Amino acid sequence: MIVFEYRAYGSPLQFAAVDEAIKVTQFIRNKALRHWMDHKGASKYDLNNLCKTLAAQYPFADHLNSMARQSASERAWSAIARFYDACKKKVKGKKGYPKFKKNVRSVEYKTSGWKLSEDRKGIKFTDGCGIGTLKLKGTRDLSHYQLAQFKRVRIVKKADGYSVQFCLDVDRRESLAATGKTVGLDVGLTSFYTDSTGHKEDNPRFLREAEPALKRLQRRASKKKPVRGQPASRNYLKARKRLARKHLKVSRQRKDHATKLARCVIRSHDLVAYEDLQIRNMVRNHHLARSISDASWYAFRVLLESYAKIYGRVVVAVPPQYTSVICSQCGCKVQKTLSTRTRRCPKCGYVADRDENAAMNILQRGLETLSTAGHAGSYAWGDSAATLSSYATPAQVESLNQESHGL
Ligand SMILES: [Zn+2]
């Protein structure tokens, strides 16, 4: 699956209709969740059936295309399934009990309820929501694809406008000569990553520059935050919008940078090993620089996994424990202080950059994992290595990021 995204152009009236469709999506999702909470053991099938009942009950729900209604209830189901999954795996701490949403930002159609224009530079929504024809602007030409390949169409509301995403059933694979090279990556705060050859990939400048600006905008918005129960002031809404736009801009730049980098790393190595960092812990971090770096790394990792699939390379996520403490040459443990950038092994005298040493450990661990698991094991060639394989197309990473920014 690949996702193409286009900026949507239309009248204010049309976008009001889009907002309405998004609200209906949210309504159905929350109703489906409520149904599951009230009826113990309700299945995905039950939630799908609920859509019909809701459409019969509420005229506004009936306006939305039936398949779009279903994909709204599927959203509830995927939250429920994630929760069940966490319970089954006995995840430590919170299991992620599904919550009601109050800020849904997209509506998703499947194969009906819309029609592409003749030149494929516009899309008409044909259900009762009254969205009409939206003009599309983007870099990809949709006329290269068969209509049967269009699996989903999504209208997404963003801080700076609306866009339409097309989810296409395309198996993108390109063959590439083997390079004979392997690499381990260690993520850091000071540099984007350090690899096992000692190369440090710097954080892009826009990230360093964005941080103070983001902090400033954040401060302004929180100063104007209304007291509980009071209506929000216009200035507060404006400040929040400014902050959201800045976040969106940075996330676009970040995605662009990460995409180029990931493609390059994958193309120039046969195997890439990196730490299997826990995303849960990362997201909970409140330190701005840290959380920006975590988010970038998360996106980067998803990209690495999807490019590995495309180019037939191997990616291995290894457990991160002790990678920075163990000496990569003799294997002895040395408690290091964080301040020393270089480390010297007291046993074998090996001197190396701290992060480079960690990257070498990561690579070693990656190779070990592969040899013990066997190639058909849990870390197969590019296919199942992705713990996040459901997101594993480059274009989807962006939508994933951008869904998470406030308006
Ligand atoms: Zn040593």
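The structure this text deals with has already been given above.
Conventions we followed
- Residues numbered from 1 in each chain as written.
- Predicted model: local features only at pLDDT ≥ 70, side-chain atom pairs only at ≥ 80, totals over all residues.
- Heavy atoms only, no water.
- Phe/Tyr/Trp six-rings, centres within 6.5 Å; stacked < 30°, edge-to-face > 60°.
- Helix = DSSP H or I, 4+ residues; strand = E, 2+ residues; numbered from the N terminus.
- Buried < 20%, exposed > 50% of the residue type's maximum accessible area, 1.4 Å probe, protein only.
- Lys NZ or Arg CZ within 6 Å of the ring centre and 35° of its normal.
- Core = buried A, V, L, I, M, F, W, Y, C linked by side-chain atoms within 4.5 Å.
- Contact = heavy atoms within 4.5 Å.
- Donors = N, O, S within 2.8 Å, 3.2 Å for Na, K, Ca; no water.
- Tetrahedral: all angles 85-135°; square planar, octahedral: opposite > 155°, others 65-115°.

Q: How should I be thinking about the packing of aromatic side chains in this particular structure?
A: For any pair of aromatic rings, geometry is given as the distance between the ring centres together with the angle between the planes. Under the counting rule described, the total for this entry stands at 21 aromatic pairs. Between Trp36 and Tyr84 the ring centres are 5.9 Å apart and the planes differ by 75°, which places this aromatic pair in the edge-to-face class. Here Trp36, found in helix H1 (residues 12-38), pairs with Tyr84, found in helix H4 (residues 66-88); they are 48 residues apart in sequence, far enough to count as distant. Residue Trp36 is classed as buried on the basis of its relative accessible area of 8%. One aromatic cluster is present, formed by Trp36, Trp77, Phe83, Tyr84 and Tyr97 through successive ring pairs. If you follow Lys137 out to its NZ or CZ, it ends over the ring of Tyr9, 5.0 Å from the centre. Between Lys333 and the ring centre of Tyr322, over which it is positioned, the NZ or CZ distance is 4.1 Å.

Q: Got a minute to help me understand the nonpolar core in this structure?
A: Core analysis: the largest hydrophobic core is formed by 48 residues, its most contacted members being Leu64, Tyr109, Ile123, Phe125, Ile131, Phe166 and Leu168. Looking at this core, the element that brings in the most residues is H1, giving 10 residues. Once residues within four sequence positions are removed from consideration, Leu64 is found in contact with Ala21, Val24, Thr25, Ile28, Arg69, Val107, Tyr109, Asp127 and Cys129. If you look at the next biggest cluster of nonpolar residues, it comprises 22 residues, including Val187, Ala262, Ala308 and Ile310.

Q: I tried to follow the coordination of the zinc ion on my own but got confused; where do I start?
A: Four donors placed tetrahedrally about a metal ideally form angles of 109.5 degrees, and six donors placed octahedrally ideally form angles of 90 or 180 degrees. Around the zinc ion, the protein supplies Cys327 (SG), Cys330 (SG), Cys345 (SG) and Cys348 (SG) as donor atoms, at distances of 2.2 to 2.4 Å. Considering all 4 donor atoms around the zinc ion, angles at the metal cover 108 to 111° and the coordination shape is tetrahedral. Sequence spacing among the residues donating to the zinc ion works out to C-x2-C-x14-C-x2-C. With Cys327 in the loop between strand E12 (314-318) and strand E13 (342-344) and Cys348 in the loop between E13 and strand E14 (351-353), this residue pair connects regions lying 21 residues apart in the sequence. Taking the relative accessible area as the measure of exposure, Cys327 reaches 1% and is therefore buried.

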